[in-house]
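Residues per chain, in single letters:
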Amino acid sequence: ERLVTRVLVLAACLAVTPIDLAAQAVRADGPVAAVRTAIGHGDLDRARRAAAAATGADRELGLALVDLFTGRSAEARGRLTPLATAVPLGDAALELGLLALREGRRDEARRWLDPLAAVRQFAGPDDYLRLARAARGIGERLLANDAFQRIAEVPRADLKTERGDLFMVTNQPAEAATDYQAAIEIDPRWVPAHLGLALAYADGDPDAADAALDAARTLAPAHPDVWLLTAGRQLVRDEFDSVVESLDRVAAVRAGSLEEAALRAALAYGSGRRDDVEPSLAAAVAVNAHSALPFRLVGQAAARKYRFADAAAFARRGVERDVEDALALSDLGLYLLRTGDEAEARVALERSFNLNGSHRPTLNLLTMLDSLDTFTVVERGNLVFKFDPKEADILAPYAVPLAEDAYRTFVERYGFTPEGPILIEVFSKHDDFAVRTLGLPGLVGALGACFGRVITMDSPAARPPGTFSWHATLWHELAHVFTLQLSDYNVPRWLTEGVSGYEEHRRRAAWGRELNLEYAHALARDQAFGLKGLPAAFKRPESLALGYFEASLVVEHLVDEHGDAGLRRLVQAYASGVTDEEAFTRAFETTVDAADASFKAFVNERYGSLRDAMREVPRVADPDDLPGLRARVEAHPGSFVSQLAYGRALLRLGDMERAVEPLERAARLAPQATGEASPRSFLAQIAEKRGDAERARREWRALLEHDHTNVEAARRLAALATAADAEADLEFGLRLVADLDPYDADAHGRLGRLLTARGQHTEALVEFQVALAVGPANPAEAHVDLGESLLRLGRRDEARTHALAAAKVAPTWDRAQNLLLAVSGR
């Protein structure tokens, strides 16, 4: 509270200081300004020349700035100390205080920075900049921001970049990017602005981030900060040899920096040189014994390998080095969440928030934990579920037995019991799932995540019905538990995703095979990856979806060739941190090259005809040009696209009779085609319009054998089956609707009555319970359905409760009265 009051008072003082900023838009000419500009442009030689050409205090300050840039801290301190002592409110004192801060000597830093943050006499933009940098250094970010506001209109690249840096500290990348872009417009050669832009875009727009980093590298190919950022990017992408080269470039200009040492420690962990981690950390500690940075970076490297217990241990060591490092505490909280230790995670996150309340991931995670505290907990053996309380009674009856089935299946298949308990959290809002997973909303495209002992996922309420199968997602994520733990978290991403995708397909033929046509099209364009290309495919966002699909095919082929035991040997082989080549040799006594060739033969046999059907054909400019479309069909009779386009054009013109033949050909060429624009969908609609319900059911059912998330097609099938008394189709359609849209009370009720008629009373009970939990349109009927089901199972007291509830809603209804009589024994 005192800090807030102080900041407000100081901000008020700033607000009444009158100066003419427009007259001082450009830094005054002078040798120190020339040195700063040269450094900002990454021109070290010019900076040295400018410093050497100066005299007196300007010369010493200029040379000190060069020393700071090149990491010669002792030399910089020797030059700055007498200058700061003589002028304690000048630039030398600021640089000396910031240097002490970087080296972990906080008390010394405050002795220099506190007086600078208390200055209230301003002659120009540089005085405000000095105040802002000092205030940021001592953690008074509101004061720093207020100082920047006073010079917001001054067109100087350094001012814009420094404010962008403040926005990054407070986790506002969009605002930071605006300032960095403004700096570049003012001075396109200002390297720190390009580097800042690369950081600001890193999470949201990787391509733009790479472009900004490339621009900085072009402007200043020897700049150590360019290569530090490059090394960080390469480390994330597992480009370990390149990381070494980049860090050597850093050392060539700025030897012995904390950042370089920290990245080398992270490189040792990430590249599997675990014995080198502690010596590398010791080297970093020798530079700054009070910094959490080296431990944070190693923790991040461990987290990228899904070794979250290690990540948390390194983050904790970082906190021990610097108890005031809010980011280290936030990292610790995130990693503890991923190990399932939510109580300790909250402690770390609250400590982080108290130090830096502007860090959005920390606030997001704490808010999420508050919500999670209200969730309904369901425990089953080694599995612990958490559901939104509004959904627990709807989802748990399906999720729990499905997960138990998956768990039993995988224990038998992979021959081991994973360490538990396995925590499964299901979120009704996608952004809550994203925050639980990463600390930030978004996470576009993801449905679930597994951290080894923790699974997070969207509930069906998080997305529109028919968007995805939450059953398939749960099955997929549980498979990850086994491959991650069996491999001691060393399984490569392509293999763990491939196994999970294949396990989906094993459970239900349509699961995990949504991209059949896209994959065949890629094969036709020679753009598939093959086994050898999968590791690289998983590093590029644009190729991830197809990479997941092809990886599952690789696993299918490996199981065909070597059985479940072979797959288990392969996953286990990675536990010692080996390469793909070594793992394949251990598991199969073969090479990756040989396995790749075998897989390509498998793909050719499995997908050869579909690949041929998906080959590109000449385009017809007008989609309604029937002569052109017919000519293309005649020229390319085996082309799926040609047949489908011709059939659709005939449909648009109202010629259903002639449309059937090309649509049937298209369906034969690519029976896996899905969606509203698939040939089966069109054929079903045509059959309905013709009054041919049997053909319509056949087409909808054929479509749904592949299109397992098409809830509307499932509803159509169920509706047609009801009218025709086609029980098999009715059950198929209703079960799919209930799976994809569990909030459809009518589907549950109808399915329950169908199961009751068959005498499957236990299964029917589940459907009636869920129907009532959803909130049916006719609650009296739902209570009676449930009551009758309970009575059939001998649960008379529970049945009486629902009989009374039904009678309360509809006291004169015969079924309710009959149920009351039955539960009373009359």
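See the structure above.
About the cut-offs
Residues numbered from 1 in each chain as written. Predicted model: local features only at pLDDT ≥ 70, side-chain atom pairs only at ≥ 80, totals over all residues. Heavy atoms only, no water. Helix = DSSP H or I, 4+ residues; strand = E, 2+ residues; numbered from the N terminus. Buried < 20%, exposed > 50% of the residue type's maximum accessible area, 1.4 Å probe, protein only. Areas by Shrake-Rupley, 256 points an atom, 1.4 Å probe, with all protein chains shown as cover. Lys, Arg positive; Asp, Glu negative; His and termini not counted. Charge placed at Lys NZ, Arg CZ, Asp CG, Glu CD. Pairing = 2+ DSSP bridges. Axes fitted to C-alpha atoms, helices over the stretch in contact; angles between N-to-C directions. Contact = heavy atoms within 4.5 Å. Expected span 1.5 Å × (residues − 1). Phe/Tyr/Trp six-rings, centres within 6.5 Å; stacked < 30°, edge-to-face > 60°. Lys NZ or Arg CZ within 6 Å of the ring centre and 35° of its normal. Core = buried A, V, L, I, M, F, W, Y, C linked by side-chain atoms within 4.5 Å. Left-handed = near helix turned anticlockwise from the far one by under 90°. Polar contact = N/O pair within 3.5 Å; in protein donor to acceptor, adjacent residues only side chain to side chain. Nonpolar A, V, L, I, M, F, W, Y, C, P; charged D, E, K, R; others polar. Salt bridge = Lys/Arg side-chain N within 4 Å of Asp/Glu carboxyl O. Right-handed = clockwise from strand over helix to strand, strands pointing away.

Participant: Report on the overall build of the protein, specifying residues and quantitative values.
Facilitator: Looking only at helices and strands, the protein has 43 helices and 5 strands in total. Split into buried and exposed, the 826 residues of the protein put 53% on the buried side. Only carbon and sulfur atoms are counted for the fraction: they give 52% of the accessible area of the protein, which is about 35500 Å². Taking the average location of the 98 positive side-chain charges in the protein and that of its 122 negative ones, the two points are 1 Å from each other.

Participant: Please give an account of the sheet that holds strand β5 (residues 454–458) that cites residues and values.
Facilitator: By way of backbone hydrogen bonds, the strands of a sheet pair with one another, either parallel or antiparallel. A sheet is described by the order of its strands in space; here 5 strands give the open sequence β1-β2-β3-β5-β4, paired in mixed fashion. Two strands in the sheet have a free side with no partner beyond their single neighbour: β1 (376–380) and β4 (448–450). Along the sheet, successive strands turn relative to each other by an average axial angle of 15°, direction set aside. Pairing of β1 with strand β2 (residues 383–387), which is carried by 5 bridges, proceeds in the antiparallel orientation. Bridge pairing links threonine 376 to phenylalanine 387 in β2. The strands that helix α23 (residues 392–414) touches are β1, β2 and β3 (422–427); relative to β2, the one it contacts most, it runs at about 155°. Relative to β5, helix α24 (residues 430–438) is tilted by about 155°, and along the sheet it contacts β3, β4 and β5.

Participant: Can you lay out the environment of isoleucine 39 for me, pointing to particular residues and giving the numbers?
Facilitator: Tracing the chain through its elements places isoleucine 39 in helix α2 (residues 31–40). When the C-alpha atoms of isoleucine 39 and valine 66 are compared, they prove to be 7.8 Å apart, with 27 residues separating the residues in sequence. Sequence-distant contacts of isoleucine 39, defined by excluding residues within four places in its chain, comprise Ala47, Leu65, Val66, Phe69 and His223.

Participant: Lay out helix α18 (residues 293–304) with the relevant residues and their values.
Facilitator: In this model, α18 (12 residues) spans 17 Å end to end at C-alpha, consistent with the 16 Å of a helix rising 1.5 Å per residue. Counting buried residues along α18, 9 of its 12 residues qualify, which places the element largely inside the surrounding structure. Every buried residue of α18 is accounted for by Pro294, Phe295, Arg296, Leu297, Val298, Gly299, Ala301, Ala302 and Ala303. Looking at the buried side of α18, the elements it contacts are α16 (258–270), α17 (277–287), α19 (308–321) and α20 (326–339). Residue tyrosine 306 follows α18 closely and has a positive phi angle near 65°.

Participant: Give me the pairing of β5: which residues, what numbers.
Facilitator: Within β5, 5 of the 5 residues are buried, which leaves the element mostly enclosed by the surrounding structure. The alternating pattern of β5 places Val454, Thr456 and Asp458 on one face and Ile455 and Met457 on the opposite face, and all of these are buried. Both β4 and β5 contribute to a ladder of 3 bridges, which runs antiparallel. Counted as the bridge partner of cysteine 450 is isoleucine 455 from β5. The turn linking β4 back onto β5 is made up of 3 residues, and glycine 452 within it adopts a positive phi angle of 105°.

Participant: Can you break down the packing of aromatic side chains residue by residue, with the values?
Facilitator: Considering all chains together, one arrives at 20 aromatic pairs under this definition. Pairing tryptophan 494 with phenylalanine 584 gives two aromatic rings, centres 6.5 Å apart and planes at 25°, and the pair type is stacked. Of the two residues, tryptophan 494 sits in helix α26 (residues 493–507) while phenylalanine 584 sits in helix α30 (residues 580–588), which places them 90 residues apart along the sequence. Take tryptophan 494 and phenylalanine 584: they sit in the same class, and that class is buried. For arginine 217, the ring lying beneath its charged end belongs to tryptophan 227, and the centroid distance is 5.3 Å. Positioned above the aromatic ring of tyrosine 269 is the side chain of arginine 274, whose terminal nitrogen or guanidinium carbon lies 4.1 Å from the ring centre.

Participant: Kindly report on the nonpolar core, identifying the contributing residues and their values.
Facilitator: Core analysis: the largest hydrophobic core is formed by 99 residues, its most contacted members being Ile424 and Phe584. The leading source of residues in this core is α23, at 13 residues. Counting residues in hydrophobic clusters, the runner-up holds 56 residues, among them Phe240, Ala292, Val298 and Ala301.

Participant: Go over the packing of α23 against helix α25 (residues 470–486) with me, naming the residues and quoting the values.
Facilitator: Where α23 contacts α25, the two axes come as close as 10 Å, and the packing angle between them is 35°. Handedness of the crossing formed by α23 with α25: right-handed. Facing Leu395, Tyr398, Ala399, Leu402, Ala403, Asp405, Ala406, Tyr407, Thr409, Phe410, Val411 and Tyr414 of α23, the residues of α25 in contact are Trp470, His471, Leu474, Trp475, Leu478, Ala479, Phe482 and Leu486.

Participant: Run through the environment of arginine 36, naming residues and quoting values.
Facilitator: Among the secondary structure elements, arginine 36 is positioned in helix α2. For arginine 36, a relative accessible area of 18% corresponds to the buried category. Separated by 26 residues in the primary sequence, arginine 36 and glycine 62 place their C-alpha atoms 8.0 Å from one another. In this structure the side chain of arginine 36 is engaged in a polar contact, spanning 3.4 Å, whose partner is the side chain of glutamate 95.

Participant: I'd like to hear about the packing of helix α37 (residues 711–724) against helix α38 (residues 727–740), residue by residue, with values.
Facilitator: The description of two helices packed together rests on the angle between their axes and the distance between the axes. Across the interface, α37 lies against α38 with an axial gap of 8 Å and an inter-helix angle of 145°. The two elements α37 and α38 cross, and the hand of that crossing is left-handed. Contact residues: α37 offers Val711, Ala714, Arg715, Leu717, Ala718, Ala721 and Thr722, while α38 offers Asp729, Leu730, Phe732, Gly733, Leu734, Leu736, Val737 and Leu740. When its residues are assigned to classes, the contact of α37 with α38 shows 11 nonpolar, 2 polar and 2 charged.

Participant: Could you give an account of α25, with specific residues and numbers?
Facilitator: Look at α25: 25 Å from first C-alpha to last across 17 residues, which is about the 24 Å you get at 1.5 Å a residue. Most of α25 sits inside the fold, with 17 of its 17 residues counted as buried. One or two positions beyond α25, positive phi appears at aspartate 488, with a value near 55°.

Participant: Give a description of the pattern of salt bridges that names residues and reports values.
Facilitator: Per the counting criterion, the structure on display carries 81 salt bridges. Salt-bridge contacts for arginine 237 lead to aspartate 210; the nearest nitrogen and oxygen are separated by 3.1 Å. On the criterion of sequence distance, the pair formed by arginine 237 in the loop between α14 (224–236) and α15 (240–253) and aspartate 210 in helix α13 (residues 206–219) is long-range, its members being 27 residues apart. On the basis of relative accessibility, which here comes to 30%, the residue arginine 237 falls in the partly exposed class. On the basis of relative accessible area, aspartate 210 is assigned to the partly exposed category, the value being 22%. When salt bridges with common partners are traced through the structure, they connect Arg36, Asp91, Glu95, Asp127, Arg130, Arg133 and Glu162 into a single cluster.

Participant: Quick rundown of unusual backbone geometry? Include the residues and the values.
Facilitator: Residue proline 421 is bonded to the preceding glycine 420 through a cis peptide linkage, with omega at 0°. By secondary structure assignment, the location of proline 421 is in the loop between α23 and β3. The phi dihedral of asparagine 171 falls on the positive side, at around 60°, and the residue is not glycine. Its location among the elements puts asparagine 171 in the loop between α10 (157–169) and α11 (173–186). Asparagine 171 gets classed as buried once you look at its relative accessible area, which sits at 19%. Even without glycine at this site, tyrosine 306 takes up a positive phi of about 65°.

Participant: Tell me about the pairing of β2, residues and numbers included.
Facilitator: Burial of β2 is extensive: 5 of the 5 residues sit out of reach of the surface. By the alternation rule, side chains of β2 split into Leu383, Phe385 and Phe387 and Val384 and Lys386, which are all buried. Hairpin connection of β1 to β2: 2 residues between the antiparallel strands, including glycine 381 at a positive phi of 60°. Pairing geometry for β2 and β3, over 5 bridges, is parallel. Looking across to β3, one finds that valine 384 is bridged to leucine 423. Read as a crossover between parallel neighbours, the route from β2 over α23 to β3 is left-handed.

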